[in-house]
Amino acid sequence: MNDKKLVQNFKSYINVSCTSNGEKNGSVHDLKPKLLNGELITGAAHSVVMLTPLCEAERGRFGALFVTNFKLSFVPLEITANDEYGQRNHTVGVYDVPLTCVGALWLTDGGAARRRRLLPRADIPAKLKGLQIVCKNMKVLTFNFANSPLGAGRKVVMALLHHAFPKRHDLLFAFEYREPYYPTLPSDMNMFQRPADWKRELERCECPHWRITCINGTSDAFMLTAGETLIVPSSVLDYNLMESARHFRSGRVPIWVWGRPEGAALLRSGELLPTELSATAESVLLEQVRRSHPKLTPPYVIYLCGNSFTNNSGAVTLPPLSALNASYKKLADLCTPTTLSDFWIKDSQYYSILESSRWLRHVAACLAFADDAATHIADNVTVVLQEGDGVDYCAVVSSLAQLLLDPHYRSISGFQSLVQKEWLALGHPFCDRFGLPRPGMTKEDLEKAPPSQVAPVFLLFLDCVWQLQTQFPAAFQFTETYLTTLWDGSHNHLFDTFLFNCPKDRELAVARLENFVQRPIWDWAEQFGERDVALFYNPLYVGHRASTVHEQRLSAGEGARLRPSTAVAAAELWAQCYERWLPPLDAPAAGRVQYYLHNCRVRAQIQKLNAKLTSLSILSDRTNGDEEPPPSPPPALTRFYPFSLKTSDNVSTSLDAMQVSLIDATQLLDSQSLLNAPD
């Protein structure tokens, strides 16, 4: 009995119970978050307990919870050596969440079992017991306010509702961040922001039968959600484009995005409007596309969401965005259990829930459409992708088809150029799909306008790319860690890359706000150190960085084409992205990271042997007889490294002891942190 009382009276600020009486000493109230330039605290609650995820006993960390105009930040009372992930982000701490990454808020009774969804403008009780936050990247945070002063939790929730779900686009922190930006983007990366960038791509692909038009940047613009530069058949006049645009949704006439010297090209288009002359307008444009082919081969049209003018009920199509979002919600529900019992219940029904979500079916369907397009282009047949407004599934399938055909886009700079072209320059509505307020809309306009369709289209694309990585492990220069980091970064509103619906919205923001600093996410040095950036590089990559346009063109031959398996049975769940926040699944010495570590070490040994061979004198037959000591064992990594919390100092010691240099980007994969392990 006395022993039990002693245990209950013992106070630990590292692992405290929710019912522990947190003393209100000065050290708790002195806690402050790390703030960026322009970042302000808008709400705070002290003596808060952050519950340990999926823990039987409701225990956690004692500290303070803050809401700023950029992030939600929990600051523990005592910092331990294990309070950091393998990946260290300079802008977001271990217990920080950017406000644009907040997905859903739930009021709890202090634990994680019982909860109630909290919506904007809902009544918030004065005595708030607990709060649970489900992030857009499937991270779940649960806080207990039992020890906090009365009303402190309510202030935090009100500040969170106000800043995480803003009514105006210009209230996002990207417009308040005043830190100077000095670009260090790769020299071979194409941003597709000027006509010269599109000309550079047209020359790289060697397609002489197409021309650049800038009519979309004038008062006669007809495709308002795209940039000023479009590539169209040489035989089409701008006047004909303007007339034909009236018969396509959002004015999305077929436009060129990629091509081959042999004549085949890849085009994107919106669906036809139900007008009397729409079919005629489409036929006229497709005839011009046919004339752009040296062999006058008719183009092949792929209807990604079905053809409304024909009855193809049995054809495979991609789902409406509402169905895609519903599928994602089922997947997110599977990957975000709130209690340990809930985790085991879902684990027992794992495959049935995964199948009912139909997420992998949508992934396989996108790969099938991309493979179909790549097959026709490889056979020298022009392909036209047609879908809705031409900004969602067209971007997914077009990007995947180019990854299958062009090795240039499988490098890091090439992949980033591909995203710039297909998703940014051609106007994928990131604000609408991420649930952000539309640029230029006031609070009144937002209330009158119909709700935008939220859908994880970009995540669907990244998932498809990851599927290709698993099937072709040596074809891509970047790793799955790069893709997961990119998905996280798309919800970090320090960077403007994914903050707008179209290039025109970006241009208006730059012109209207003088202090707005454009900061692309591709400058990874803004967020990570060299050691973390090195983890983006694949040690098995067998491609090469072409130094000239001619070399890039030569590398895109038929032998470089990827032929993926598009069956649903071949699709896997992207565990690192969806399940990394579940501690029971983060097993030691498991997962794909072990293969990555092994490949890095083997490559390092090969490089050392090559260096030793080149250093030997041809005329010398003498050896010093010294034997190198055997290589040290690899650091112990868990399944979801580098998104796992540290469990020991061995990993960081091993990683920090390895030299990494980013001076020569072409040699970066030869100097990765895990690659140069000391012998």
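Residues numbered from 1 in each chain as written. Predicted model: local features only at pLDDT ≥ 70, side-chain atom pairs only at ≥ 80, totals over all residues. Heavy atoms only, no water.

The next point concerns the overall build of the chain. A count of helical and extended segments in the chain gives 22 helices and 15 strands. Across the 679 residues of the chain, 55% fall into the buried class. Residue pairs at least 24 apart in sequence account for 74% of intrachain contacts in the chain once pairs closer than 6 positions are excluded. Counting only carbon and sulfur atoms, one obtains 55% of the accessible surface of the chain, whose full area is about 30,000 Å². (Helix = DSSP H or I, 4+ residues; strand = E, 2+ residues; numbered from the N terminus. Buried < 20%, exposed > 50% of the residue type's maximum accessible area, 1.4 Å probe, protein only. Contact = heavy atoms within 4.5 Å. Areas by Shrake-Rupley, 256 points an atom, 1.4 Å probe, with all protein chains shown as cover.)

Okay, the pattern of salt bridges next. All told, the structure shown has 26 salt bridges when counted by the stated rule. In this structure, R168 and D170 form a salt bridge, with 3.0 Å as the shortest nitrogen-oxygen distance. Residue classification places R168 among the partly exposed residues on the basis of a relative accessible area of 35%. The closest approach of N and O atoms between D392 and R433, which form a salt bridge, is 2.9 Å. With D392 in the loop between β15 (383-386) and α11 (393-405) and R433 in helix α13 (residues 430-434), this residue pair connects regions lying 41 residues apart in the sequence. Residue class for D392 comes out buried when judged on its relative accessible area of 4%. Salt bridges linked by common partners bring E201, R204, D406 and K421 together as one network. (Salt bridge = Lys/Arg side-chain N within 4 Å of Asp/Glu carboxyl O.)

On to unusual backbone geometry, then. Backbone phi values are negative for most residues with the exception of glycine, while trans is the configuration of most peptide bonds. Omega for the bond connecting Y641 with P642 falls within 30 degrees of zero, at 10°, which places this linkage in the cis form. Following the sequence through the fold, P642 ends up in the loop between α21 (593-615) and α22 (650-656). At F192, a residue that is not glycine, the phi angle is positive and equals roughly 55°. Relative to the assigned elements, F192 resides in the loop between α3 (152-164) and α4 (195-205).

Within the open sheet, the four strands sit side by side as β12-β13-β15-β14. Their pairing is mixed. A single partner strand is all that each edge strand has here, and the edge strands are β12 (255-259) and β14 (300-303). Strand-to-strand, the axes of this sheet are offset by a mean angle of 25°, without reference to chain direction. Of the pairings in the sheet, the one linking β12 to strand β13 (residues 265-269) comprises four bridges and is antiparallel in character. The partner of W256 across the bridge, within β13, is L267. Those strands touched by helix α10 (residues 359-378) are β12, β13, β14 and β15, and its axis lies near 180° from that of β14. (Pairing = 2+ DSSP bridges. Axes fitted to C-alpha atoms, helices over the stretch in contact; angles between N-to-C directions.)

A separate point is the pairing of strand β9 (residues 140-144). Of all five residues in β9, five are buried; the element is thus mostly enclosed. Going residue by residue along β9, you find V140, T142 and N144 tucked away on one face and L141 and F143 tucked away on the opposite face as well. Note: strand β2 (residues 41-51) against β9, two bridges, orientation antiparallel. The residue of β9 that forms the bridge with V49 is N144.

Another point: the packing of aromatic side chains. Counted according to the given criterion, the structure contains 35 aromatic pairs. With 6.1 Å between their ring centres and 85° between their planes, F74 and Y95 make a pair best called edge-to-face. Placement of F74 in strand β4 (residues 71-76) and of Y95 in the loop between β4 and β5 (96-98) is noted, with a sequence separation of 21 residues between them. This pair shows no difference in class: F74 is buried, exactly as Y95 is. Judged by centre distance (6.0 Å) and plane angle (70°), the rings of W574 and Y578 are edge-to-face. Of the two residues, W574 and Y578, both sit in the buried class. The positively charged end of R204 is found above the aromatic ring belonging to Y409, 5.1 Å away from the centroid. One residue, R580, lies across the ring of F643, its end atom 4.9 Å from the ring centre. (Phe/Tyr/Trp six-rings, centres within 6.5 Å; stacked < 30°, edge-to-face > 60°. Lys NZ or Arg CZ within 6 Å of the ring centre and 35° of its normal.)

It is worth spelling out the pairing of β12 at this point. With five of five residues buried, β12 lies mostly within the body of the structure. Between β12 and β13, which pair antiparallel and follow one another directly, the connecting turn spans five residues, one of which, G263, has a positive phi of 130°.

Let us look at the packing of helix α15 (residues 457-471) against helix α16 (residues 480-489). Axes are the key here: two packed helices are described by the angle between their axes and the distance separating the axes. For the pair α15 and α16, interaxial distance at closest approach is 10 Å and the crossing angle is 175°. Here α15 lies roughly antiparallel to α16, going by the angle between them. Taking contact as the criterion, the partners of F458, L459, L462, V465, W466 and Q469 in α15 are, on α16, E480, L483, L486 and W487. Here the residues of the contact of α15 with α16 are counted per class, giving eight nonpolar, one polar and one charged. (Parallel < 35°, antiparallel > 145°, perpendicular 65-115°, else oblique. Nonpolar A, V, L, I, M, F, W, Y, C, P; charged D, E, K, R; others polar.)

Once that is clear, we can look at the nonpolar core. Judged by nonpolar contacts, the single largest core of 164 residues is most densely connected at L400, F415 and F461. It is α10 that contributes the most residues to this core, eleven residues altogether. Each residue touching L400, except ones within four places of it in the same chain, is listed here: C366, L367, A370, F461, C464, V465 and L468. Residues V28, L51, V75 and L77 belong to the second largest nonpolar core, which totals nine residues. (Core = buried A, V, L, I, M, F, W, Y, C linked by side-chain atoms within 4.5 Å.)

Quick look at the environment of L360 now. Following the sequence through the fold, L360 ends up in helix α10. What L360 contacts, discounting residues up to four positions off in sequence, is L354, Q467, A571, E572 and L573.

This part covers the side chain of S278. Mapped onto the fold, S278 is located in helix α6 (residues 278-291). Of note is the side chain of S278, whose polar atom sits 2.9 Å from the backbone oxygen of T275. (Polar contact = N/O pair within 3.5 Å; in protein donor to acceptor, adjacent residues only side chain to side chain.)

We now examine the side chain of D532. Tracing the backbone shows D532 in helix α18 (residues 530-534). Other than its neighbours up to four places away in sequence, D532 contacts G86, Q87 and R88.

Time to look at the confidence of the model for the chain. For the chain, per-residue confidence averages 87 on the pLDDT scale, and residues scoring 70 or more make up 85% of the total. A low-confidence stretch, residues 1-15 stays under pLDDT 50, and its non-local contacts, those more than four residues away or across chains, total 15 contacts. In this model residues 19-26 is a low-confidence stretch, pLDDT under 50, and it forms 14 contacts with partners more than four residues away in sequence or in other chains. (pLDDT = per-residue confidence, 0-100.)

All right, on to the state of the cysteines then. As enumerated under the stated definition, the model contains zero disulfides in all. With no disulfide of its own, C335 lies 9.1 Å from the sulfur of C577, the closest cysteine sulfur. C502 carries a free sulfur, and the closest cysteine sulfur to it, the one in C431, is 9.1 Å from it. (Disulfide = S-S within 2.5 Å.)

The next subject is the environment of L118. Tracing the backbone through its elements, the reader meets L118 in strand β7 (residues 115-118). Through-space distance from the C-alpha of L118 to that of Q132 is 9.7 Å; in sequence the pair is 14 residues apart. In this view, L118 contacts L105, W106, L107, D123, I124, V157 and L161; residues no more than four positions away in its chain are not counted.

A turn of α-helix holds 3.6 residues, and therefore any two residues three or four places apart point the same way. Residues of α4 that are buried: D197, W198, E201, L202, R204 and C205. Down the axis of α4, the smallest arc covering the buried residues is 160°, so these residues share one side. A positive backbone phi angle near 55° is found at E206, which sits one or two residues after α4. (Arc of directions from axis to C-beta.)

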